[in-house]
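Given next are the chains, with one letter for each unit.
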Amino acid sequence: INHIVHNGGLYKRPFNEDFEETPMLVAVLTYVGYGVLTLFGYLRDFMRQWKIEKCQNATEREEQKDFVPLYQDFENFYNRNLYMRIRDSWNRPICSVPGAKVDMMERVSHDYNWTFTYTGRVIKDIINMGSYNYLGFAQKAGTCQEAAAKVLSQYGAGVCSTRQEMGNLDKHEELEKLVARFLGVESAMAYGMGFATNSMNIPALVGKGCLILSDELNHASLVLGARLSGATIRIFKHNNMQSLEKLLKDAIVHGQPRTRRPWKKILILVEGIYSMEGSIVRLPEVIALKKKYKSYLYLDEAHSIGALGPTGRGVVEYFGLSPEDVDVMMGTFTKSFGAAGGYIGGKKELIDYLRTYSHSAVYATSLSPPVVEQIITSMKCIMGEDGTTVGKARVQQLAENTRYFRRRLKEMGFIIYGNEDSPVVPLMLYMPAKIGAFGREMLKRNIGVVVVGFPATPIIESRARFCLSAAHTKEMLDTALKEINEVGDLLQLKYSRHRLVPLLDRPFDETTYEETED
């Protein structure tokens, strides 16, 4: 299903998203594959129970046999009998900076992935297509690293206190003022962990008697925050504005269950870029609905800040909207800024309230000073306040790399999900055997990729997820594309029925924001 939206003047630019339907034969074969694996899983569990096969997984002690089992669900069965077969595709130890290329420690397993041993060999110069290093700030040399090293020698590595006690440094104050200026909001607050920024702040904003409307594909941190809040949660279909509007209408017409009182607050939770789908939120429509039904909007820009918009200010700038229209602007420093932590930006009253009532503000240790300096230096670089155009060039390079890589994969015949401007590029694998095979074959060719399966995705929608970076050169991308094409033929992954015609005469650097605006 190809979405090309120009909705009543809400969109100032083309909005092209592609979610090609799974071919029927592929879906049937995927279900058959999981069925066969499940049958063999039950057979192997039976053999383990009768000591025919050695039992490697954790089990209850003999004296606990009469207790209710701690783990007796499908995910535990899945981990034991399906995930273990392809476990070597994950948790690979990296021993270098996660830049455009990485070094990886080689490991082998002699017991079918239950345990691993290291060979002592290091695989050098693997092209890194998996890290969230969108703007290439994950470096071991350069301005950011020099500034962080200087701050490390002055402040040390840790703060050993919370912001409300002895852990509030001048660097933290400087960072928060800079973030507020970068986002175009009144005030901002920084946190030491991106996940906790969501999971600990949502409960401070809503509670019993409030309603949360959450996209069905929201990140686990948003889901956890919503559950911890005690508010009523209702889910709308991914990026589906009709579904969201219906929930808003019903909430206003019917009010709270049983009492029919009006909801205290209605909070809409969305992400800028959805990290498994590569899709971009339909923010102009969400804001229009928010204003129409007098609700609040919480926008998670973990993957979009720095990666979208002509100057890297995220999905709000990408659509040409005002930051004032978003009540709570959340994001992380872990991706585009090559650091750690998260932030929340908005009105001064909101931030002052969170400083007092947010668990991650009151009880969590402050951000490490060298990490703070890494964020400050990289953010100033993006804003051009370092006196160079390096930051703007990186944002532009990421946009060019994204369009080029996506277009080439579609021309090859792969099913690619998401928006044409999203640097997160999911390539659909579907079948369980192809998850491990794709990861292994790419590593053999010195390409590091992330493969994803259940429970991070629906069980039949396994995929490889590429994350593009401004640090990737055209030569790196062409090498990766050549190997992906070869592995795609080897594993028969070219499922698309809407293959594009290659634009052979199109120069690499034409794909710019200016062009899409035209």
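What counts as what
- Residues numbered from 1 in each chain as written.
- Predicted model: local features only at pLDDT ≥ 70, side-chain atom pairs only at ≥ 80, totals over all residues.
- Heavy atoms only, no water.
- Helix = DSSP H or I, 4+ residues; strand = E, 2+ residues; numbered from the N terminus.
- Expected span 1.5 Å × (residues − 1).
- Buried < 20%, exposed > 50% of the residue type's maximum accessible area, 1.4 Å probe, protein only.
- Arc of directions from axis to C-beta.
- Contact = heavy atoms within 4.5 Å.
- UniProt positions renumbered as here; feature names shortened; annotations may be inferred.
- Axes fitted to C-alpha atoms, helices over the stretch in contact; angles between N-to-C directions.
- Parallel < 35°, antiparallel > 145°, perpendicular 65-115°, else oblique.
- Left-handed = near helix turned anticlockwise from the far one by under 90°.
- Nonpolar A, V, L, I, M, F, W, Y, C, P; charged D, E, K, R; others polar.
- Pairing = 2+ DSSP bridges.
- Disulfide = S-S within 2.5 Å.
- Domains from an automatic or database assignment.
- Buried area = accessible area lost by both parts, 1.4 Å probe.
- Salt bridge = Lys/Arg side-chain N within 4 Å of Asp/Glu carboxyl O.
- Polar contact = N/O pair within 3.5 Å; in protein donor to acceptor, adjacent residues only side chain to side chain.

A word on helix H5 (residues 194–205). Taking 1.5 Å of rise per residue, 12 residues should cover 16 Å, and H5 covers 17 Å from first to last C-alpha, within 8% of that figure. Extensive coverage of H5 is indicated by the burial of nine of its 12 residues. Along H5, the residues that are buried comprise Gly194, Ala196, Thr197, Asn198, Ser199, Asn201, Ile202, Ala204 and Leu205.

What follows deals with helix H6 (residues 220–229). Taken together, the buried positions of H6 are occupied by Ser221, Leu222, Gly225, Ala226 and Ser229. All buried residues of H6 lie within an arc of 135 degrees about the axis, which places them on one face of the element. Residues of H6 that are buried in the fold lie against H5, strand E6 (211–215), strand E7 (232–236), strand E8 (266–271) and strand E9 (296–300). Immediately downstream of H6, the backbone of Gly230 shows phi near 85 degrees, a positive value.

A few words on the UniProt feature "transmembrane region" (unreviewed entry) in the protein. The UniProt record annotates "transmembrane region" (unreviewed entry) at residues 24–43. Regarding residues 24–43, the helix share stands at 100% and the strand share at 0%, and the terminal C-alpha atoms are separated by 29 Å.

Take the packing of helix H3 (residues 143–155) against helix H12 (residues 369–383) next. The geometry of H3 relative to H12 is characterised by a closest axis approach of 8 Å and an angle of 150 degrees between their N-to-C directions. Looking at the two axes, H3 sits roughly antiparallel to H12. In terms of crossing hand, the pair formed by H3 and H12 is right-handed. The residues of H12 that touch H3, namely those facing Thr143, Cys144, Gln145, Ala147, Ala148, Val151, Leu152 and Tyr155, are Pro369, Pro370, Glu373, Gln374, Thr377 and Ser378. Broken down by class, the residue content of the contact of H3 with H12 amounts to eight nonpolar, five polar and one charged.

With that settled, the discussion passes to the sheet that holds E8. If you trace the seven strands from one edge of the open sheet to the other, you get E5-E11-E10-E9-E8-E6-E7, paired in mixed fashion. Sheet topology places strand E5 (187–191) and E7 at the edges, where each strand pairs with a single neighbour. Taken over all neighbouring pairs, the strand axes of this sheet differ in orientation by 20 degrees on average, direction set aside. Where E6 meets E7, five bridges bridge the pair, whose relative direction is parallel. Across the sheet, residue Asp215 finds its bridge partner in E7, namely Phe236. Contacts from H6 reach E6, E7, E8 and E9 within the one sheet, and its direction differs from that of E8 by about 165 degrees.

Turning next to the sheet that holds strand E3 (residues 101–108). As summarised here, the arrangement of the three strands in space is E3-E4-E14, forming an open sheet in which the pairing is mixed. Edge positions in the sheet fall to E3 and strand E14 (447–448), since each has one partner strand and no second. Where E3 meets strand E4 (residues 117–128), six bridges bridge the pair, whose relative direction is antiparallel. Counted as the bridge partner of Met104 is Ile123 from E4.

Let us now look at the UniProt feature "domain: Aminotransferase class I/classII large" (unreviewed entry) in the protein. Under the local residue numbering, the UniProt record ascribes the feature "domain: Aminotransferase class I/classII large" (unreviewed entry) to residues 124–484. Along residues 124–484, the helical share is 42% and the strand share 17%, with 19 Å between the first and last C-alpha atoms.

On to the state of the cysteines. Scanning the model with the defined rule gives zero disulfides in all. Cys381 forms no disulfide, and the closest cysteine sulfur to it belongs to Cys144, at a distance of 6.2 Å. Assessed through its relative accessible area of 8%, Cys381 is described here as buried.

Quick look at the domain arrangement of the protein now. Parsing the protein into structural domains produces domain 1 (21–127 + 388–497) and domain 2 (141–381). The C-alpha centroid of domain 2 is placed 29 Å from the C-alpha centroid of domain 1. Counting from both sides, the interface comprises 18 residues of domain 1 and, opposite them, 17 residues of domain 2. Broken down residue by residue, the surface that domain 1 buries against domain 2 is led by Val395, Val424 and Arg465, which jointly contribute 30%. Summed over the shared surface of domain 1 and domain 2, the number is one salt bridge. Among the ionic pairs, Glu277 bridges to Arg463, the shortest N-O distance being 2.9 Å. For the interface between domain 1 and domain 2, the tally reads eight residue pairs in polar contact (both at pLDDT 80 or more). Going through the elements one at a time, helix H13 (390–412), strand E12 (418–419), strand E13 (424–430) and strand E16 (462–467) are the ones with two or more residues in the side of domain 1 that touches domain 2. Considering each element in turn, the side of domain 1 that touches domain 2 owes the most residues, five residues, to H13. Taken together, the residues of the side of domain 1 that touches domain 2 sort by class into nine nonpolar, five polar and four charged.

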